[in-house]
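Chain by chain, the residues:
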Amino acid sequence: MSEERRVIGYTLEPIYETPPGYVVTQAFILCTSCGSAISSNGGPRYNSVCLKCIEQLDLINRLKQ
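No experiment lies behind these values; they were computed from the predicted model shown. (Residues numbered from 1 in each chain as written. Predicted model: local features only at pLDDT ≥ 70, side-chain atom pairs only at ≥ 80, totals over all residues. Heavy atoms only, no water.)

Asks: Hey, could you run me through the sheet that holds strand β5 (residues 49-50) in this one?
Replies: On the basis of which strands lie adjacent, the open sheet formed by three strands has the order β2-β1-β5 and antiparallel pairing. What marks the edges here is a single partner per strand, and that holds for β2 (14-16) and β5. As paired elements, strand β1 (residues 7-10) and β2 share three bridges and run antiparallel to each other. Bridging from a neighbouring strand, V7 pairs with Y16 of β2. (Pairing = 2+ DSSP bridges. Helix = DSSP H or I, 4+ residues; strand = E, 2+ residues; numbered from the N terminus.)

Asks: How do you make sense of the pattern of salt bridges when you look at a structure like this?
Replies: Note that side chains of opposite charge can pair when their charged atoms are close. The final tally for this structure, using the stated rule, is one salt bridge. Taking the shortest distance from any N to any O, the salt bridge between E17 and R6 comes out at 3.0 Å. A residue pair is termed long-range when its members are at least 10 positions apart, and E17 in the loop between β2 and β3 (29-30) and R6 in the segment before β1 qualify at eleven residues. (Salt bridge = Lys/Arg side-chain N within 4 Å of Asp/Glu carboxyl O.)

Asks: In this structure, what is going on with the side chain of S48? I would like to understand it.
Replies: The topology assignment puts S48 in the loop between β4 (37-39) and β5. For S48, the side chain forms a polar contact with the main-chain oxygen of R45, separated by 2.7 Å. Apart from the residues within four sequence positions on either side, S48 is in contact with Y10, T11, I15, I29, L30, C31, T32 and I38. (Polar contact = N/O pair within 3.5 Å; in protein donor to acceptor, adjacent residues only side chain to side chain. Contact = heavy atoms within 4.5 Å.)

Asks: I keep staring at the environment of C31 and nothing clicks. Help me out?
Replies: The topology assignment puts C31 in the loop between β3 and β4. A sequence separation of 21 residues divides C31 from Y10, and the C-alpha atoms of the two residues are 9.2 Å apart.

In structure tokens form, the structure reads like this:
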């Protein structure tokens with residue numbers, strides 16, 4: 001049973017959406033660059049970047065190097 005997990009942001013590694021049924025903290029994950037909410041639970045995750053800012057800052061290519 002392989003369940004695909006949706007990427008919602010990045011730190012040095014991808015941040016995945018929490019699957020149903022898991023217990024998580026009710027702390028926001030906020031984007032370091034623009035301050036928008038990446039997720040309303042699972043935080044804190046320091047130095048997180050949302051998908052919109054990842055594209056703008058071209059961080060995916062920088063992380064792969």
